[in-house]
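Structural features, examined
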Amino acid sequence: MEIGPILASLRKHRIPALLIVLEIALACAVLCNAVFMIGARAGEIRLSDAIDEQGLSVVTLTGADPERASSEIPRNLDALRRIPGVQAVAVLNTMPLSGNGWNVNFTTRPDMKPTDKGSINSNIYLMSEGADRALGLRLKQGRMFGSEDYASSTMGATFAPETHVAIVSERLAGRLWPGQSALGRKMYMDKYWYQVVGVVADVLRPTRAGAGLPGIYDTVFFPMQPTDVLNYYVLRSAPADRDRVARQAEDTLARLDPGAVAEGKTFVDMRGDFFSGASSMVWMLVLVCVVMLAVTAFGIVGLTSFWVAQRRRQIGIRRAVGARRGHILSYFRTENFLLSAAGVALGMVLAFGINLYLMQHYEVDRMPWYYLPGGAIALWLLGQAAVYGPAHRAAMVPPVEATRSG
Amino acid sequence: MFTYYLDLALRSLKRNKALTALMVLAIAVGIGASMTTLTVMHLLSGDPMPGRSATLFYPQVDPTDSPKPDSQPRDVMDYRSAVDLWSAHRADRQALIASTELKLRAPGVNLPPQMARVLTTTSDFFPMFSVPLRYGTAWTPADDEQRSRVAVISSDLNNRLFGGANSVGRTVRLKDSDVRIIGVLAPWRPSPQFYDVAGGRFSEGKTASFYAKPEEVFMPFSTAQDVAGSEFNVFTCWGSVEAMKHLQTAPCAWVALWVQLDDAAKVAGYRRFVADYAAQQKALGRFVHGDNTRMMDLMQWLDFNHVVPSDVRLQVVLAFAFLLICLCNTVGLLLAKFLRRSGEIGVRRALGASRGAVFAQCLVEAGTIGLLGGLGGWLLTLLGLWLVRRQPVEYADLAHLDAGMFLATFALAVLAALLAGLVPALRASRVTPGLQLKTL
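Residues numbered from 1 in each chain as written. Chains lettered and ligands numbered in written order. Predicted model: local features only at pLDDT ≥ 70, side-chain atom pairs only at ≥ 80, totals over all residues. Heavy atoms only, no water.

1. Considering the environment of Val29 of chain B
Along the chain, the position of Val29 of chain B falls in helix α2 (residues 17–45). For the pair Val29 of chain B and Leu333 of chain B, spaced 304 residues apart in sequence, the C-alpha to C-alpha distance is 16 Å. Not counting residues up to four positions away in its chain, the partners in contact with Val29 of chain B are Val291 and Val295 of chain A together with Phe322, Cys326 and Leu380 of chain B. (Helix = DSSP H or I, 4+ residues; strand = E, 2+ residues; numbered from the N terminus. Contact = heavy atoms within 4.5 Å.)

2. Quick word on the interface of chain B and chain A
With 43 residues of chain B at the contact, the number on the chain A side is 52 residues. The contact between chain B and chain A buries some 4,200 Å² in all, and 72% of this surface belongs to carbon and sulfur atoms. There are one salt bridge connecting chain B and chain A. Here Arg41 of chain A and Asp311 of chain B are joined by a salt bridge, their closest N and O atoms 2.4 Å apart. Within the residue set of the side of chain B that touches chain A, elements represented by two or more residues are α2, β2 (93–105), β3 (114–121), α10 (310–340) and α13 (403–429) of chain B. (Buried area = accessible area lost by both parts, 1.4 Å probe. Salt bridge = Lys/Arg side-chain N within 4 Å of Asp/Glu carboxyl O.)

3. Quick word on the UniProt feature "domain: ABC3 transporter permease C-terminal" (unreviewed entry) in chain B
Mapped onto this numbering, the UniProt entry gives "domain: ABC3 transporter permease C-terminal" (unreviewed entry) at residues 317–433 of chain B. Between the C-alpha atoms that bound residues 317–433 of chain B there is a distance of 44 Å. The span itself is 82% helix and 0% strand. (UniProt positions renumbered as here; feature names shortened; annotations may be inferred.)

4. Considering the UniProt feature "domain: ABC3 transporter permease C-terminal" (unreviewed entry) in chain A
Within this structure's numbering, the places UniProt gives as "domain: ABC3 transporter permease C-terminal" (unreviewed entry) are residues 288–383 of chain A. Secondary structure content for residues 288–383 of chain A is 85% helix and 0% strand, while the C-alpha to C-alpha distance between its ends is 18 Å.

5. Quick look at the state of the cysteines
In this structure the tally under the stated criterion is one disulfide over all chains. Across the disulfide, Cys237 of chain B is cross-linked to Cys252 of chain B (sulfur-sulfur distance 2.0 Å). Between Cys237 of chain B and Cys252 of chain B the disulfide shows an S-S torsion of about 100°. By sign, it is right-handed. Of this pair, Cys237 of chain B sits in strand β9 (residues 236–237) while Cys252 of chain B sits in strand β10 (residues 252–253), placing them 15 residues apart in sequence. A relative accessible area of 31% places Cys237 of chain B in the partly exposed class. No disulfide involves Cys32 of chain A; its sulfur sits 4.3 Å from the nearest other cysteine sulfur, which is in Cys28 of chain A. Given the relative accessible area of 1%, Cys32 of chain A is considered buried. Between Cys326 of chain B, a cysteine without a disulfide, and Cys328 of chain B, which holds the nearest cysteine sulfur, the sulfur-to-sulfur distance is 9.5 Å. (Disulfide = S-S within 2.5 Å. Buried < 20%, exposed > 50% of the residue type's maximum accessible area, 1.4 Å probe, protein only.)

6. Side note on the pairing of strand β1 (residues 56–62) of chain A
Residue and element names in this part refer to chain A. Of all the seven residues making up β1, six are buried; the element is thus mostly covered by neighbouring parts of the structure. In this structure, β1 lies alongside strand β12 (residues 232–237), joined through five bridges in antiparallel fashion. Among the inter-strand pairings, Thr60 is bridged to a residue of β12, identified as Tyr232. For β1 and strand β13 (residues 261–266), the ladder comprises six bridges, and the chain directions are antiparallel. Following the sheet pairing, Val58 is matched in β13 by Lys265. (Pairing = 2+ DSSP bridges.)

7. Structural notes on the packing of aromatic side chains
Residue and element names in this part refer to chain B. Applying the stated rule across the entire model yields 38 aromatic pairs over all chains. Their ring planes at 25° and their centres at 5.9 Å tell us that Tyr79 and Phe221 sit as a pair that is stacked. Taken together, the positions of Tyr79 in helix α3 (residues 79–87) and Phe221 in helix α7 (residues 221–227) put the pair 142 residues apart, joining distant regions of the chain. For Tyr79, a relative accessible area of 19% translates into the label buried. Arranged with centres 6.2 Å apart and planes meeting at 85°, the rings of Phe129 and Trp258 form a pair that is edge-to-face. In this pair, Phe129 is assigned in the loop between α4 (125–128) and β4 (133–136) and Trp258 in strand β11 (residues 256–260), connecting sequence segments 129 residues apart. A relative accessible area of 1% means that Phe129 is categorised as buried. (Phe/Tyr/Trp six-rings, centres within 6.5 Å; stacked < 30°, edge-to-face > 60°.)

Written out as structure tokens, the structure reads:
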């Protein structure tokens, strides 16, 4: 295909050509960034979590009498255990993605202060006996807490558990002691110290606050005897039973402690609530992309149709002097290809620039390079698809058109 | 002349319905997306205290022992600093702010207990922030002094508990204490909930929670020390864990202070007062950083906290990029449309129409498309805002189109269409009559 005549013709239609290039460039730039943001958010929404999310139901019990916690918690757990379909129950101080963070700074040396650099902000989970089974924690190294650990651990007057054993997530173990085994090591919080007895697969934190997304798996587990800080009751069942279990568990606790506020939810719903903002943003971005691509495609169709209508006579002449339909078709396709190529080249630069701007002014990361060619190919395909109709109509122009005037 | 051009424009639009629909639709979706996001942005970034915000200030001191001397003061203060500054009464008005969640029951009302969001503050809060009351009154400085067991409840809570009736004089049980309702708020929905804003710079742009509804119960800060004990929402703590047993003496930041200062001299005076206080506390050995004080006014404080969620700002940027694409599209289509009529324009020019006249005629046509697009954009904006209202975000209930934004919708649409029509109209007005007449 000769591109010389195409370029010559484009030079005569500078403004419409420029418009198509500009439109494709803008669409390419927005598409790259939007898809990148969709990917980032979808990644967040799907963050893995090494507990049995599908089978969990959670009931929060707030406003119970703290003085009676040591007798009421075992009673509550007993009653929950009797709900049909429940495989395990336990109670914790908070739950992953609950929004209720217990953030504490830990250090690896006794002489470091919690405010020093090098201390790591983590969430602490205080759990009653059996919580490892109820949550479905996956032990990677070492051991789980034993009964004596649970029985001896109490809550001091502050938020620090009075115990000396701890289990950390794999991610946190790697951050506190890079390249070494965490087992047997001590971590410090002020004058408290805890020895790591086990490492579990990564469990999410209750909130992003504290360390943001990179620290979302920095979690430490402590054993805890029944105390008033434990108010997230967690029940494990078959996924099919979870809705009923959540409802029944809420009713059970509300009946047992009519003075307190019980609120039951499945963990799947908790995750949905936590990421509701991210998922509505994803849908909004998807909508923008779809409508934008549609507008761009219609724009290309509209302009090319106009072009074709304007050049019916020339097309007729070309057909009359021997050009086949395929030639006409490929003429318009090549023309579109050239315009798209210019558009995506400009678009990739623009996409990169927009990303830099967003990084500076919004909480957006650097876009990996492969989004650029990805967006370019998408726009190029869109252009080819959009031009097909008008080009096909152009190819249908009969040679006799050459003999008609005007 | 204008009506004639309008008539011509309508005729021309009718002639090629598909092309017209395409242009109107492109403008409509562009405007719809832009105006939806712009309206949300406008609602979230507005001044929550119009006319008053420049007299409201947020003093801060740095009670931490952090070794970094250049660090910013904590977003809220410890109990002692806040109460010291407040009780000096050096401002025209001053209000302490701390929030908590307490179990609430209403005796004689058949509802299960619930957790209520409680704002504990001082009597100046109500006049200082122009909080509207439906029934009863707010509490007085004497109530602050005497730790009176009184509360003001929100209109939502009043509807839920008492069916909207005048509940002044009734009692609610907060945690383990009875407090008497002395006032009920009229519906009050500041955007954002500015007096509670703190920590925005640590939220990674996820600041939608600043737009939550105001608390359900308001009670004196002093009373709350008895009622809530240490159960307050704490911003952050530092120092040794042992010292955290009692929140009032703990190295924890959980109390904010707002002051009203009516003129510049008072502002300067109050800045000096806060600086002197910090220096004095350093001399006493309680502060490490005696010079790390700050006092922003309301809008500066909201800016500092990046209150508008970054998703909302991102959506505006995206929507306008989208509008730009739609405009490119419209420019192209208008160009096609006008140039297709080169023959007609040639005749008009030959019959004596000036270039200006042709230009004006084309612009009227573009403007008409803009107006139609604006109409569609308005409908799409309503649809967009309806979608926003269905989102599970705190500001969902705020998303409504006001008169200003309604007019802005049409203004933006017509402006966009005129801009889009500029180049095509210019091209059309340059059509040489002779050449066109020859080919007719």
